[in-house]
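# Structural overview
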Amino acid sequence: MADRTVGDVLLELITEPNGALFGVPGGQTLPLYGATINSSTRHLVMRDERNAANAADGYARVSGKVGICDATVGPGATNLISGLAEAQASSIPVMAIVADTRRDSEHLRVHSVASQSFSQSETLSPVVKWVGRVLEPGVIPEVVGHALRVATSGRPGPVVVSIPEDIFLSRASSEDITPLSSEDRQFPRYRPHPPPDQVEEVSRIIRTASRPLILAGGGLVLSGAAQALAELVECTNLPVVTSLNGKGSVDELSRFSGGVVGGFGSLRGNHSLHIADVVLVIGSKNSQLGSHSWRLPSREQMVIHVDIDGAEIGRAIPIDLGILADAKSFLYSLKCALKDWSGPDTPWIEPEPLSQYEQPEGQPINPALVAEVLDDLLGPSDLLVCDASLSSGWAARHFRVKSAGPNFIAPRGIGGLGWSTGAAIGARVARGDGRVAVLTGDGGLAYGLGEMETSSRYNLDITTVVLNNSSYGWIRHVEERFCIPRSSDFTEIDFSVAAQSMGLSGRRVKDPKELRPAIQDALEMPGPALVEIISCPDASPVISYTNAKNGAYS
C-alpha cells in the first residue's frame, strides 16, 4: 500500500473494473497512465484534449456512467474547453482530471513564468458545474467523491478535479481508501418524484384534450426513461415527438412516433407539434433550433413542462404548468394516473409525406440519400453518431432510431463542429455490441481528423461516413441568401486517402449506384473504415417555421 502513486489512487477512485478513460499525456499526469498498465481499465491516448473530452462525453451518453478524461497543465487545460462546454450545455456528466501548477509556484502563474501556467481554474469554471482543487494528497478521495456527486446530482454536467504537479508526482498515503460504488458513477444520482396532485392535474388535462402530444427531450434519454415512455404510450396511444437530442426516447418505427421537431426536424413532427392542443414537454430545454426560435410550442397551446432542473422549467417558452421531477419517475406516475384511460384508438398524428429529394443525373450525391441508406442498413442494436451542423440535420430527418435508448447521439449543446470523431471513440468503447457509425461533413471531420489514427491504433469498429462538399455548407447557404461573396469553400481533399494513410479502410464514392454497397461493405468489415461521399453543396435539411406549420399539409 505504501508504494502506491497518486495515479494508482486516482485510478481506483475514478473508474471501475473494465472501465475506460481518455486523455493526452503530459509529464505531470504520467502517474495516472502508469497506473493503468496492470489494470483492467483502458486508458485511450487521444490526439487532442478536446477530443478526449468528447470521447468521455460519448462514453457517458451510451454507458449511463460518468465519462472520464485527463489533460496536463496549461494548453492541455485550454484544449478541454470546447468539449466540456458541449457536455455542460447537453447535461452530460464528465470528469476531467487536470494537472495544475505546483503549489510553491502560485505566484508565478502570470504570463506563464512557471512553465505552462495560467489561471486555468478560473478559465474552466464557466464551462463546468464545479472545479475542485486538490491541495493535499490526503484529500483526493473526498474531492473526487464530491466531484462525482456534483456531476451526477440534479441536472448532470461536467466537473474538473485540478491536481498540482507536486501532488500528482508524489507518493500516496498508505491508508486504505473507501472504494466508490458503481452507483456513485451512474446518473441521475437522485430521482425526484413529482407531487401526486400535479400528476393528477396532468392526467385530467390529457383526458380532456383533443390532440395531446408528448415532446421528449434529451433529458428523457439520459434518465433511462425510454422504457417508461414506451409503456405509457402503449397504454394511452399518446403520440410522441422529440427534440434532436431526444431521438432515442421512442422507437421511431412505432405508430406513436412523430419524428423530430425544430429546424432539423421532420414535416410530420413539426406539423404534429403545431396542431397539438396540449404539449407535455419532458426533459427538454426548448432550444432555439428545436423550437423555431421559441415559436413552437406556441402561446396558444397548453404547455406542461417536466424537468429535473427547476431553473429550466418555463425558462425558454411560456408554460401553464411546471413540474420538478425525474423523467422516469414522472412517466411511471403518469401511467398509473392514466391506467383506466386508453386514449384515442390510434394516434392522431398524420403520415409523413414522401421524400421530396431526388438525385439529378450527373450531380453530386444528395445527403438525404446517404442518411436513408444508413437508416436502411443500421438496425435496432446499432448506434449512429452525428456531428454538428447539417449532418445531424440529415440524420434527424431521414434516419430512424429502431429501438428506444441511446442509439443516436449528436452535439446539440453548443453545437461545435468536430465532436463526432472523439465521441464515437467513447461510444464504441462503451458499447458492448452492435455497430457504431458516424455521419459527419468535411468541415467537421477536419477538426478531428487525427482521431482516425486513434481508432486505427485501437482497432475500433467505427464506420465514418463523411459528406464532402468542400465547404462549410451551412455558412455557404447563408452567404448565398444574403448575397455575400463566398468565403467558406475549400480546395478538394481526398479524405479516403487520408484515412488509408492512418490505417483505415478508405473508399471514395461519386456514383449514387455505389453508395449503398460502399457503406454496407464498410459496416461489415472488421476495424475502422471511412466512406467519403462527394455530396451536393446546395442541399439543406433545414425546415423553415412556415413549412413547420404547413409543409405538405397545407
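Let me begin by describing the structure that accompanies this report. Small disclaimer: the values here were computed from a predicted structure and weren't measured.

About the thresholds
Residues numbered from 1 in each chain as written. Predicted model: local features only at pLDDT ≥ 70, side-chain atom pairs only at ≥ 80, totals over all residues. Heavy atoms only, no water. Buried < 20%, exposed > 50% of the residue type's maximum accessible area, 1.4 Å probe, protein only. Helix = DSSP H or I, 4+ residues; strand = E, 2+ residues; numbered from the N terminus. Pairing = 2+ DSSP bridges. Disulfide = S-S within 2.5 Å. Expected span 1.5 Å × (residues − 1). Polar contact = N/O pair within 3.5 Å; in protein donor to acceptor, adjacent residues only side chain to side chain. Salt bridge = Lys/Arg side-chain N within 4 Å of Asp/Glu carboxyl O. Axes fitted to C-alpha atoms, helices over the stretch in contact; angles between N-to-C directions. Parallel < 35°, antiparallel > 145°, perpendicular 65-115°, else oblique. Left-handed = near helix turned anticlockwise from the far one by under 90°. Contact = heavy atoms within 4.5 Å.

## A few points about the pairing of strand E3 (residues 67-71)
Counting buried positions along E3 gives 5 out of 5 residues, so the element sits mostly inside the fold. Side chains Gly67, Cys69 and Ala71 of E3 all project onto a buried face; the interleaved residues Ile68 and Asp70 project onto the opposite face, where all are buried too. Of the pairings in the sheet, the one linking strand E1 (residues 20-23) to E3 comprises 2 bridges and is parallel in character. Residue phenylalanine 22 lies in a different strand from E3, and its bridge partner there is cysteine 69. Two strands pair when backbone bridges link them, and E3 and strand E4 (residues 94-100) are joined in this way by 5 bridges, in the parallel orientation. What sits directly across from alanine 71, in E4, is valine 98.

## Points about the state of the cysteines
Where two cysteines share a covalent bond between their sulfur atoms, that bond is called a disulfide. One pass over the full model with this rule turns up 0 disulfides. Between cysteine 483, a free cysteine, and cysteine 536, which holds the nearest cysteine sulfur, the sulfur-to-sulfur gap is 19 Å. The class of cysteine 483 is exposed, set by a relative accessible area of 70%.

## Some words on helix H3 (residues 49-63)
Compared with the 21 Å implied by 1.5 Å per residue over 15 residues, the 21 Å span of H3 between its first and last C-alpha is a close match. Most of H3 is tucked away, with 14 of its 15 residues classed as buried. The opening residue of H3, the one whose side-chain oxygen lies 2.7 Å from the backbone nitrogen of arginine 50, is aspartate 48. One or two steps after H3, the chain reaches glycine 64, where phi turns positive at roughly 80 degrees.

## A few points about the pattern of salt bridges
On inspection of all chains with the given rule, the structure shows 32 salt bridges. Of the charged contacts in the structure, one is a salt bridge between arginine 47 and glutamate 453, with a shortest N-O distance of 3.0 Å. Of this pair, arginine 47 sits in the loop between strand E2 (42-45) and H3 while glutamate 453 sits in helix H18 (residues 451-457), and the two are 406 residues apart along the sequence. Taking the shortest distance from any N to any O, the salt bridge between aspartate 521 and arginine 507 comes out at 3.4 Å. Of this pair, aspartate 521 sits in helix H21 (residues 515-524) while arginine 507 is found in strand E17 (residues 505-509), placing the two residues 14 residues apart along the sequence.

## A word on the packing of helix H9 (residues 196-208) against helix H13 (residues 327-337)
Orientation of H9 relative to H13, taken along the N-to-C sense of each, is 60 degrees, at an axis distance of 9 Å. Taken together, H9 and H13 sit at an angle that is classed as oblique. Judged by the twist between their axes, the crossing of H9 over H13 is right-handed. Each of Val199, Glu200, Val202, Ser203, Ile206 and Arg207 in H9 lies in contact with H13, whose residues at this interface are Phe330, Ser333, Leu334 and Ala337.

## Here's the deal with the sheet that holds strand E15 (residues 436-441)
Sheet strands pair via backbone hydrogen bonds, and the direction of the pair is either parallel or antiparallel. Judged by pairing direction, the sheet is parallel, and its 6 strands sit side by side in the order E14-E13-E15-E16-E18-E17 without closing on themselves. For this open sheet the edge positions go to strand E14 (408-409) and E17, each flanked by a neighbour on one side alone. As paired strands, E17 and strand E18 (residues 529-534) are joined by 5 bridges and run parallel to one another. Bridging from a neighbouring strand, valine 509 pairs with isoleucine 533 of E18. Helix-sheet contacts for helix H16 (residues 419-430) involve strand E13 (383-386), E14, E15 and strand E16 (462-468), and the interaxial angle to E13 is about 155 degrees.

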